[in-house]
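# Examining the three-dimensional arrangement
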Amino acid sequence: MSSVLNTVLTTRISSINSNNRVRTRPGLSPVSVSFSTRRLTVRAQEPNANEVKSQAPDKAPAASGSSFNQLLGIKGAAQETNKWKIRLQLTKPVTWPPLVWGVVCGAAASGNFHWNFEDVAKSIVCMIMSGPCLTGYTQTINDWYDREIDAINEPYRPIPSGAISENEVITQIWVLLLAGLGLAGILDVWAGHNFPVVFYLALGGSLLSYIYSAPPLKLKQNGWIGNFALGASYISLPWWAGQALFGTLTPDIIVLTLLYSIAGLGIAIVNDFKSIEGDRALGLQSLPVAFGAETAKWICVSAIDITQISVAGYLLGAGKPYYALALLALIIPQVFFQFQYFLKDPAKYDVKYQASAQPFLVLGLLVTALATSH
């Protein structure tokens, strides 16, 4: 894997200047034609201010872009020249919490976590491995291979704008990957594992992240496979790492968390709506491109809701009625926010929807973990 990654990552990024940058418009401006005895004049009429605003409201960062958004790596970020802030932006800290929470769920599901200094320290190291290191690696390598799409959708992002050089990006990818794998090996030694299960989970997750973003496989080109791989990375892998660190990873937990990853598939679809234009231009078959935005938004919410309802049914059948009822109670606000925000306009309200609904989903994960530990 290392040799393949090193070969592909040394591909030089094309310089993107203002003359070559792609600009998209919904239609041609009206044209006026006037004739005179001396010349023929063809003149494009200037669109009014309202038309300009409706054509591309999000093609450039606002003049008053948020420094906080820049540090989290989300939309509405301020332009930044500080290299360390740009490096942090590439790792998208806003994506770390689900991985950190997955470790918590795995530790809870093991039934062997104790509130003492050693177990807390182990869990924190596992969270750093899963979040800042390996998720940061995943997000950076994804931005590297998405630089052509970002040049269309968000040309002001760090890589296509040239705010950070290609060598600096490649160095960051390798540092984060090796740091994550190194911490995984330390955790195996610390836990006294005869078989380095945490290391191999980290290695497998890193390979999955690479083939998700990089050609020739580039799993994200297929909306179903790519989004399920992403969902499994965010739900199953950190859970498995946390449970293997403190206990034994069992086949029933593997199946249950992979089922939960279908909900992760739905969450991944949410992020596809903001990239429809670039995905279509480069031939990526995300679900909003393949099925249209209207159908894709219903696929998204169905995957999230039906998965959780199915898990609640599993808990009920396993003799855990109170846990099942708690999980059902956490689904209700998610459905409310789906109708309140996401189903109205998935591209406009994606961040607001995720901020409102996802806390209830991750709480449901913990309920499920606690149910399986007893």
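Residues numbered from 1 in each chain as written. Predicted model: local features only at pLDDT ≥ 70, side-chain atom pairs only at ≥ 80, totals over all residues. Heavy atoms only, no water.

The name an unreviewed UniProt entry assigns to the protein is Chlorophyll synthase chloroplastic, from the organism Melia azedarach.

Next up on the list: the overall build of the protein. A count of helices and strands for the protein gives 17 helices and two strands. A separation threshold of at least 6 residues defines the contact pool for the protein, and within that pool the share at least 24 residues apart is 70%. With an accessible surface of roughly 18500 Å², the protein has 63% of that area assigned to carbon and sulfur atoms. (Helix = DSSP H or I, 4+ residues; strand = E, 2+ residues; numbered from the N terminus. Contact = heavy atoms within 4.5 Å. Areas by Shrake-Rupley, 256 points an atom, 1.4 Å probe, with all protein chains shown as cover.)

We now examine empty space enclosed by the protein. Per the counting criterion, the structure on display carries two cavities of 30 Å³ or more. Empty space within the largest cavity amounts to approximately 270 Å³. In terms of lining residues, the largest cavity is bounded by 22 residues, among which Leu-99, Leu-134, Gly-205, Ser-233 and Leu-237 are the most central. At the level of elements, helix H6 (117–145), helix H10 (197–213) and helix H11 (223–246) are the ones that each hand at least two residues to the lining of the largest cavity. Of all the elements, H10 adds the most residues to the lining of the largest cavity, at eight residues. Looking at side-chain class alone, the lining of the largest cavity contains 15 nonpolar, seven polar and no charged residues. (1 Å grid on protein atoms, 1.4 Å probe; cavity = no way out; pocket = protein on both sides within 12 Å on 5 of 7 lines; lining within 4 Å. Points joined across faces, edges and corners; volume = space filled by probe spheres on them. Nonpolar A, V, L, I, M, F, W, Y, C, P; charged D, E, K, R; others polar.)

The next point concerns the environment of Leu-88. The topology assignment puts Leu-88 in helix H4 (residues 83–91). Residue class for Leu-88 comes out partly exposed when judged on its relative accessible area of 31%. Sequence separation of Leu-88 and Leu-72 is 16 residues, and the distance between their C-alpha atoms is 7.8 Å. (Buried < 20%, exposed > 50% of the residue type's maximum accessible area, 1.4 Å probe, protein only.)

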